[in-house]
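# Architecture at a glance
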Amino acid sequence: MENISIDFFLTPDGPSGRRVRTHLARYAPGLYRIAGPWSELMARAHAAYMLQPQATAWSETLRTLAAKNGDHFWSGSVDVAPEETIAELGAALTRLIEGGGPDANWDAGLDQLPRPSRLRTRISQLAELIKQIGTLPESFQMMADLLSTRHQPLRPIRVVHLPDLLPLNKWQEAVLNRLAKDAPVADSRLQGILNHALEPVKTAKPALLAARSLFASTEESMQMDESVHVLAARDRLEEVEIAAGMIQKAIGRGAPACQWGLLLPNDAFTIQTVEAVFKHYHLPLSGLEYRAWQRDLGREVVYLMLVCLRKPAPVMAIAALLTSALMPWSLEIGEHYAQALMNGDMALKRCSPDDNARRLMGAIDDGAETRLSLRQHLDTLKTLIEKEEQLPDHRQRAMDCIDDVLLSLEKMTDDIDWDSLLARTRPQTITVDRQRTYWKEGIAVFHEGQEPWRRVNHLLVLGFNDGHFPSGSKASAVLTDAEWEQAASTGWAVTTAELKREQQRHRFSRQLGAASDSLTFLFSHRDPGGNTLEASSSLVFLARRFGCAPEDLVLEAGRREDRQKVPELSVAESARSVLPRALPLADIDLKRDLLAAMDPESDQPVALSPSAADTLMVSPFAWLLRRLDCEPRVWGTDALNPIIAGMLAHGVFEKLFLVGRPLIEKDRIPETVSILLNRMMLTMAPFLRGPDWRVERLKLESEIIRAAERWRDLLDAWGATVIGAERWLKGVYKKIPLRGQSDLLLQLPSGKLLVVDYKKSSSKKRRQRMRSKFDLQANLYRLMIQSNGFPGPDHASSDIGVVYYLLDDMTALSDSPIVARDTVPGLEIMDHDISLEAMRHLDRRLDEIHLGRVMLNTTEDEAWWDKNAGIKVYALDNSPLLRLFMHEKKEAS
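What comes next concerns the included structure. (Residues numbered from 1 in each chain as written. Predicted model: local features only at pLDDT ≥ 70, side-chain atom pairs only at ≥ 80, totals over all residues. Heavy atoms only, no water.)

Within strand S19 (residues 800-806), seven of the seven residues are buried, which leaves it mostly tucked inside the rest of the structure. Sheet topology note: the strand S18 (residues 753-759)/S19 ladder contains seven bridges and is parallel. Bridging across to S19, Asp 757 finds its partner in Tyr 804. Note that S19 and strand S20 (residues 811-814) share four bridges and pair antiparallel. (Buried < 20%, exposed > 50% of the residue type's maximum accessible area, 1.4 Å probe, protein only. Helix = DSSP H or I, 4+ residues; strand = E, 2+ residues; numbered from the N terminus. Pairing = 2+ DSSP bridges.)

Given below as structure tokens:
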């Protein structure tokens, strides 16, 4: 049987291959006529020559050898950013291999380079690396196998291509020569068929012809007409909406959708916006190439686990791990755990975690200081994420990532190389390509880096902004553009940035050649972040072609007179403006007793704490939002804020001054505070144990030591005995249950009780508050003890005192006299009722709340409370609603 040849029409890419196949099917059908890009030609050639596919170890060998060459120019970069450096090296090596061709003589090529020079040194080291690798990237290895085979093809392949349309490198030229050697002479008519299939569509519009040749080197300018427009929009969304409106208007007049085409930039946001807007308006898109980006949940959970096991663990990393979709609990439970963590519950003691959460938090608390402990904790993570069956692909990625980490651990001989492990587990971008669909009557979609796959009447170029059309080439981190140019000038056939730019410009001209009736270029003034954007650099060439300045060519979509110059533009009718709804700023009246709400656990009215009473006094609305659990759940990064510092100081003082024990010796306080503070940091603020927080940690430790020494001297002078620490007190006020936790309870030799409240602040504001009689907590603590909140004999009001110890300036403020044996600086006595005004305000608030009335704050409240009561109204920062609903009416004080 006659050995029939295959006529292969070589096209620049897949879309142009589709265009040629459509042309062949209509005008030159044949059983053995095939059209496609280079990758398809190589696949058919391998099959024709019966070559077996061989896996190449290029990537792994490159990674290994690049790390071993410690004296080469890339060595330092490999240590800092291994993945990025390997990628840049691979790109540069591929560029050199392509330019060298199958018969590359590296030594002869190096002799053509100037010496000594940075260029020669770097290419010499790269050539040495290529020789050490001993293999080629997969695409070049396929060509090398084809060129070296002695087989004859089962079916010869005659390749037809257009050299001006598709420039070939040395490798591709060698492959075509080999295929031509083993095949009959090509039919001369086939070249004309390919040329006719890919030629620009004919047009009678002079301006359209001029726009196609915008990069031509000619001084002749053309007259502008209605076939070409450049339209500037506010942003990319408005661009897409303008395009959809123009097409929708044309369809409404009876024109088919298939007459229109969209040319989109290589920009994910634009592609997603086009899909969403056109789907909303039921406009069918044909040929849209959509790529979805997904979070790498699998590698992410392993990466977070390593970050948490490397002490100290950042609180945000633990929270992110607890809320991972791969954890064996629901997202709601994970958020509950994470919020408890953000609220300071580092051990999740107050949110009843399940066994799985306890195992995870136990592993994080232990950390990993040895390879054995790290392996055990990773096995724990593996067990946890195996429990669920959802998201199987992401779970498998997590399992593979854990196995990779365990394999790396086996190869380590010294301590854990955390940086290496974190680099190996860093999450990657997962792309999901959706299959492109084609509709005969749909709107054709072309993409910036591809040839047009069919002809249209009207073409809309979206995203005509700087960096697109042409998109330019990514700069190499190995050699500068000037060095690549210098290498090319010595005879090395490497692809330079200028050559790449020329190829992109020619492709853009061919893309514009797909339209026969009109061209509309659309660009944006702003990006999604509101930053200013410029038009594409091609606008300058387009304006030169029409003999005008670029700004004279641009029509503004936001300008009425410019919109009238584009008859295809769809303009919505002006809507009557409506003023925004005014927010009601009246006080809230819920017409029910808000203090009668029951505690679901005890079936009793919810107790009022001293801090809640403080909030109620200054802002009833803030009190209500907290009561309803409607405050924002805020996550924040690790920070030594006043709350964390106060919690640590309170914890140290609780363990330093123990119930029923003699006072600690003064010379033991520094060492003991250091030990206690380190213990507290483990559970409350692990980040403070890190080296980056050394200064803050030492400063806090010094402040606590000085405050503890002064407090110890005061207690000794008073002869006080510690009878309670972190003691809960209960009581009743006007039938309202009270409940609060005192930091310390002291008993003086006279039998007098002192309720102590530590404050991690200075005494200025507290002193002003007590002098202005607006200190509420003191009286509430006294009421709780008097209403039998403290076991023992009844205590008269004069037998109970309240002391605030301000740690920052080591000052004790008392609301009643204290008899002392010695004079110790730092004690101040307030000889009046420090709660009188506060209780009056509280009584009024309680009456209002009983009736269901919640008074909103006024714009003058902050200044009034600060001036008259010495109170900073921090409660107003608990929710943005509080300031939003402030009114102007001044409340009677």
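The next point concerns the pattern of salt bridges. Per the counting criterion, the structure on display carries 46 salt bridges. Between Arg 295 and Glu 300 there is a salt bridge, with the nearest N and O atoms lying 2.4 Å from each other. Using a relative accessible area of 54% as the deciding quantity, one classes Arg 295 as exposed. (Salt bridge = Lys/Arg side-chain N within 4 Å of Asp/Glu carboxyl O.)

Turning our eyes to something else, we now look at unusual backbone geometry. Note the cis peptide between Arg 115 and Pro 116, where omega equals -15°. Relative to the elements of secondary structure, Pro 116 occurs in the loop between helix H6 (106-111) and helix H7 (118-133). Following Phe 469, the chain continues to Pro 470 via a peptide bond in cis, the omega torsion being 0°. When you line up the elements, Pro 470 lands in the loop between strand S10 (456-461) and helix H21 (481-489). In the Ramachandran plot, His 282 falls in the positive-phi region, its phi being about 55° despite a non-glycine side chain. Within the fold, His 282 resides in the loop between helix H13 (268-280) and strand S6 (285-286). With a relative accessible area of 72%, His 282 lands in the exposed category.

The next subject is the environment of Gly 298. You can see Gly 298 is positioned in helix H14 (residues 297-309). A relative accessible area of 0% places Gly 298 in the buried class. Considering only alpha carbons, one finds Gly 298 and Ser 324, 26 residues apart in sequence, at a separation of 9.4 Å.

Counting 52 residues, the largest nonpolar core has Met 617, Trp 623, Phe 774, Leu 776, Leu 842, Leu 846 and Trp 865 as the members making the most contacts within it. Among the elements that make up this core, the one with the highest residue count is helix H32 (residues 776-789) (seven residues). Trp 865 has contacts with Met 617, Val 618, Phe 774, His 841, Gly 870, Ile 871 and Val 873, leaving out every residue within four places of it along the chain. In this structure, Ile 86, Trp 106, Ile 130 and Ile 133 belong to the second largest nonpolar core, which totals 51 residues. (Core = buried A, V, L, I, M, F, W, Y, C linked by side-chain atoms within 4.5 Å. Contact = heavy atoms within 4.5 Å.)

A separate point is the packing of aromatic side chains. Taken as a whole and judged by the stated rule, the model has 22 aromatic pairs. The structure contains a cluster of three or more aromatic residues connected by ring pairs, namely Phe 215, Phe 464, Phe 469, Phe 508, Phe 521 and Phe 541. The ring of Trp 484 has Arg 95 sitting right over it, with the charged end atom 4.1 Å from the ring centre. (Phe/Tyr/Trp six-rings, centres within 6.5 Å; stacked < 30°, edge-to-face > 60°. Lys NZ or Arg CZ within 6 Å of the ring centre and 35° of its normal.)

Quick look at the packing of H7 against H21 now. Two elements in contact, H7 and H21, have axes whose closest approach is 11 Å; the angle formed by their N-to-C orientations is 80°. Taken as axis vectors, H7 and H21 run roughly perpendicular relative to one another. Along its contact with H7, which presents Arg 118, Leu 119 and Ile 123, the element H21 presents Glu 483, Gln 486 and Ala 487. In terms of residue class, the contact of H7 with H21 is made up of three nonpolar, one polar and two charged. (Axes fitted to C-alpha atoms, helices over the stretch in contact; angles between N-to-C directions. Parallel < 35°, antiparallel > 145°, perpendicular 65-115°, else oblique. Nonpolar A, V, L, I, M, F, W, Y, C, P; charged D, E, K, R; others polar.)

The values reported here are purely geometric and, on their own, carry no functional implication.
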